[in-house]
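A look at the structure
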Amino acid sequence: MSNKGPYYITTAIAYTSGKPHIGNSYEIVLADCIARFRRAEGYDVHFQTGSDEHGQKIETRAIEEGQSPKEFVDATAGTIKHLWDLMNTSYDRFIRTTDQDHEEQVQKIFKKLFDQGDIYKGAYEGLYCTECEAFYTQSQLKDGVCPVCGGKVHPEKEEAYFFKMSKYAPKLIDYINEHPEFIQPVSRKNEMMNNFLLPGLQDLCVSRTSFKWGIPVTFDTNHVIYVWLDALSNYITGIGYDADGNHGELYKKYWPADLHLIGKDIIRFHTIYWPIFLMALGEPLPKQVFGHPWLLQGGEKMSKSKGNVIYADDLVDVFGVDATRYFVVHEMPFENDGVITWDLMTERVNSDLANTLGNLVNRTVAMSNKYFGGVVADKNVSEDVDNDLKEVAVTTAEKVIKKMETLRVADALTEIFTLFKRLNKYIDETEPWILAKDDAKKDRLSTVLYNLVEGIYIGTALLAPFLPETGEKILKQLNVKERDFDSLTTFGLYPSGNKVTDAPEILFARLDKDEILKKAEAIQQKHREEFLAHQETARKNLVAAGRMTPEEAEAERRAELGESPAGEEGIDIEAKPEISFDDFTKLQFQVGEILECEAVEKSKKLLCSKVKVGSKVLQIVSGIRKYYSPEEMVGKKVMVLTNLKPATLAGIRSEGMLLCAEDTEGNLALMTPEKSMPNGAEIC
């Protein structure tokens, strides 16, 4: 295969505040699939990932653990690297921002930008989110909280160095307009242009004095370099960039990067701050930044406090590495968020991996052994039914490559499985077990089995970048070496007369959903208990360090356990009979928005509301007139039981129920979402 030239791909470096969940692991798997695919196409790939290890949040996490910041990040970086290795990712460098070569270059970059007048000293007063390590203006907040993580922000004022973002903003706007492929998907580009660039950029704070865990500014050691200038620079420091111009060979070969693969929540830093830093350094911009969507647990972001976090090693323990890789890639749409649940993953393993792929390979190898002692020979006894199979087989590679060129990776995987499904259909069409009963059709049977093996051989070459262990297992069963991508448009290259293994291996076993869900429940209960124990230890360490008062620690503990604040009495009510989880899942709760409301003439208690839930408008009658006027109701976001059997109240049809809370004195309040949520959102 010809060398198609260098290809440099990076992921965002994982923040070392804790163990990455499966949504974080998705990114490294996605990047690995792309890197392996590019290698298979003939590119000279350099794949970099790593860990982001500085900042105020890390300093606080270290105190919580009773460790020094370096001890803490050493342990967490080790956990991240273990997970990346567990997922069988083929990175070329795992860079840490505490690596000496990186720290030295970041200091030189800062000094260079200062010397040329792009960085100046001033003072910052604004709203700061510790979780995101980012400052925001009041107008950038969403419902008063951080627009990215939803966490609290607090005012901060300190001496700081600033970067002149506005100086380069017009140049970046022009670049983005002239290079529409630079930010993908297009919706991310529009967001960056309309929300940040076109309204005007403020100068960026690039140093901090309120904490010490960072790379010191060489000429003003009271300051540490802002974590984003530090972290973003890894993409060039990791391949030998030198601020003095003495670049290493890797930098000369691979920069500019072909692809920065990042989560959509940090696209602002990668498509505004990073390009502007590069412009100031006089370096080329990366060719493309792709902001991938999130992988959500059951439709919501994963949260340790909710106990719904899923980790890659949990999934690998239950499903295996390649099944986990398959699911996270296959289930993630190009632009919208994907969903992961234990039962959905079980369904995918059973339907796609065990049935479509595993059963195909097992049946084909088993029939080759049963009918021909494992020898696969093309006897060229063809029929019309073969033509369509061959057409699908030899055109699959082109379809897959086109999908990968536009980073529609899930769609590429679907194309490969379309071939496997076609091969399964071919078995049903040709019925080898019937052919085997007629000696006169022995050569036809041999040809059919050859066509099946050749189709699997082509499909396996395309599958291997996504499921490398499975690819190796299939090639071993077919008793052949990896196939060159350039050959995938030719049918008939499996060596005729070759012998497959006489001991076919089950690639993926079918799973019992109930057993999987029991395992999942035990795993998540364990994580919840670990989280609570960790939080208790963290609070003790924060109190001991003077970072939290005992009263604040107790209030946080009560909130985590769902207890009433100290001094506030709760209400005990008579317990109803226990229900099963299956009973609960029959109830559908959603967020609704009240469009209209009026009093029911025949009743002193009832209000009739028109409630928009997704695309539907439900008419709901509620006995809450004593507590709410019709005017108060209009515009409210409320919680609705939407699949209640309709009933007639005071002659009016009611199609659901509004959820309310009631105290012992008969006071009643509508249940409303704590944060802004769209109508139709599921309550779970």
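Going by the structure above, here's the rest.
Small disclaimer: the values here were computed from a predicted structure and weren't measured. Note on numbering: residues in each chain are counted from 1, in written sequence order. Given that this is a predicted model, residues contribute local features only at a pLDDT of at least 70 and side-chain atom pairs are listed and counted only at 80 or more, while totals for whole chains, interfaces and linings are drawn from all residues. Side-chain figures throughout are based on the complete set of non-hydrogen atoms in the structure, without hydrogens or water.

1. Comments concerning a nonpolar patch on the surface
Nonpolar side chains (Val, Leu, Ile, Met, Phe, Trp, Tyr) within 5 Å and like charges within 9 Å form the patches, drawn only from residues with over 30% relative accessible area and no salt bridge. The Shrake-Rupley method, run with a 1.4 Å probe sphere, supplies the accessible areas, and residue values consider only the shown protein chains as cover. Salt bridge, as applied in this entry: a Lys or Arg side-chain nitrogen positioned within 4 Å of an Asp or Glu carboxyl oxygen. The grouping of Ile 579, Phe 581, Phe 584 and Leu 587 at the surface amounts to a nonpolar patch, some 430 Å² of accessible area in total. Here's how the labels work: a residue is buried when its accessible area is under 20% of the maximum for its type, exposed when over 50%, partly exposed in between, all with a 1.4 Å probe on protein chains only. Residue Ile 579 is classed as exposed on the basis of its relative accessible area, which comes to 55%.

2. Digging into the layout of surface pockets
The distinction between a cavity and a pocket rests on a 1 Å grid over the protein atoms alone: a 1.4 Å probe fits inside a cavity but cannot get out, while a pocket stays open yet meets protein on both sides within 12 Å along at least five of seven lines, and a residue with an atom within 4 Å of a point counts as lining. Grid points are joined across faces, edges and corners, and a volume is the space filled by probe spheres set on the points. Considered as a void within the structure, the second largest pocket measures approximately 350 Å³ in volume. In this structure, the second largest pocket is lined by 21 residues; those nearest its centre are Thr 137, Gln 140, Gln 202, Arg 268 and Tyr 273. Elements supplying a minimum of two residues to the lining of the second largest pocket: strand 6 (134-136), helix 6 (186-197), strand 9 (204-205) and helix 10 (267-281). Strands are runs of DSSP state E lasting at least 2 residues, helices are runs of H or I lasting at least 4, and numbering of each runs from the N terminus. Looking at the lining of the second largest pocket, the element that brings in the most residues is helix 10, giving 4 residues.

3. Side note on the packing of aromatic side chains
Aromatic pairs are defined between Phe, Tyr and Trp rings, using the six-membered ring for Trp, whenever the two ring centres lie within 6.5 Å; interplanar angles under 30 degrees are classed as stacked, those over 60 as edge-to-face, and all others as tilted. Under the criterion given, the structure shown has 27 aromatic pairs. Both rings, one in Phe 110 and one in Phe 219, keep their centres 6.0 Å apart while their planes meet at 40°; by these two values the pair is tilted. Here the residue Phe 110 occupies a position in helix 4 (residues 100-115), and Phe 219 occupies one in the loop between strand 10 (207-208) and strand 11 (224-225), the gap between them amounting to 109 residues. For Phe 110, a relative accessible area of 1% corresponds to the buried category. The class for Phe 219 is partly exposed, based on a relative accessible area of 31%. Judged by centre distance (5.4 Å) and plane angle (70°), the ring pair of Phe 269 and Tyr 273 falls under edge-to-face. Of this pair, Phe 269 and Tyr 273 both sit in helix 10, 4 residues apart, roughly one helical turn. Taken individually, Phe 269 and Tyr 273 each receive the classification buried, so the pair is uniform in this respect. Just above the ring of Tyr 128 sits the side chain of Arg 208; from NZ or CZ to the centre is 4.2 Å. For a lysine, the NZ atom is tested; for an arginine, the CZ atom; a charge sits over a ring if that atom is within 6 Å of the ring centre and within 35 degrees of the ring normal. Sitting above the plane of the Tyr 457 ring, Arg 483 keeps its charged end 4.9 Å from the centroid.

4. What about the environment of His 330?
With respect to the helices, strands and loops of the structure, His 330 is situated in helix 12 (residues 321-330). In this view, His 330 contacts Arg 348, Asp 352, Ala 410, Leu 413 and Thr 414; residues no more than four positions away in its chain are not counted. Should any heavy atoms of two residues lie within 4.5 Å, those residues are counted as being in contact.

5. Overview of the pattern of salt bridges
Per the stated rule, a full pass over the model turns up 38 salt bridges. Salt-bridge contacts for Lys 70 lead to Asp 74; the nearest nitrogen and oxygen are separated by 2.7 Å. One end of the pair, Lys 70, and the other, Asp 74, are both in helix 3 (residues 69-86), 4 residues apart, so they sit about a helical turn from each other. The class for Asp 74 is partly exposed, based on a relative accessible area of 32%. A salt bridge links Glu 398 to Lys 402; its shortest N-O distance comes to 3.6 Å.

6. Overview of a negative patch on the surface
When charges are tallied, Lys and Arg are placed among the positive residues and Asp and Glu among the negative ones, while His and the ends of the chain are skipped. Note that the charge is assigned to NZ on lysines, CZ on arginines, CG on aspartates and CD on glutamates. Residues Glu 469, Glu 472, Glu 482, Asp 484 and Asp 486 make up a contiguous surface patch of negative charge. Along the chain, the position of Glu 472 falls in helix 18 (residues 468-478).

7. Some points on the packing of helix 1 (residues 22-41) against helix 12
Working note: a packed helix pair is described by the angle between its axes plus the distance between those axes. Put simply, helix 1 and helix 12 touch, their axes get as near as 9 Å, and they point 95° apart. It follows from the interaxial angle that helix 1 and helix 12 lie roughly perpendicular. Mapping the contact onto sequence places Ile 22, Tyr 26, Val 29, Asp 32, Cys 33 and Arg 36 in helix 1 and Thr 324, Arg 325, Val 328 and Val 329 in helix 12. In this count, Pro and Cys sit with the nonpolar residues alongside Ala, Val, Leu, Ile, Met, Phe, Trp and Tyr, while Asp, Glu, Lys and Arg are called charged and the others, Gly among them, polar. Taken together, the residues that form the contact of helix 1 with helix 12 break down as 6 nonpolar, 1 polar and 3 charged. To obtain an axis, a line is fitted to C-alpha atoms, over the contacting stretch when the element is a helix, and the angle between two such axes runs from 0 to 180 degrees between their N-to-C directions. Put simply, angles under 35 degrees are roughly parallel, angles over 145 are roughly antiparallel, angles from 65 to 115 are roughly perpendicular, and the rest are oblique.

8. So, the pairing of strand 18 (residues 589-599)
Where strand 18 and strand 21 (residues 637-641) come together, 5 bridges link them in antiparallel fashion. Of the residues in strand 21, the one forming a bridge with Phe 589 is Leu 641. Strand direction decides the pairing type here: strand 18 and strand 27 (residues 682-683), joined by 2 bridges, are antiparallel. Residue pairing in the sheet places Gln 590 in a bridge with Glu 682 of strand 27. Sheet topology note: the strand 18/strand 19 (residues 607-613) ladder contains 6 bridges and is antiparallel. Within strand 19, the residue paired with Ile 594 across the bridge is Val 611. For two strands to be treated as a pair, DSSP must find at least two bridges joining them.

9. Thoughts on the nonpolar core
Definition used in this section: a nonpolar core is a set of buried Ala, Val, Leu, Ile, Met, Phe, Trp, Tyr and Cys residues joined via side-chain atoms within 4.5 Å. Counting residues in each nonpolar core, the largest one holds 101 residues, and the members touching the most others are Ile 34 and Phe 466. Apart from residues lying up to four places away in sequence, Phe 466 is in contact with Cys 33, Phe 37, Arg 325, Met 404, Val 409, Ala 412, Leu 413 and Ile 416. Formed by 65 residues, the second largest nonpolar core is a distinct cluster that contains Phe 110, Phe 196, Ala 257 and Ile 276.

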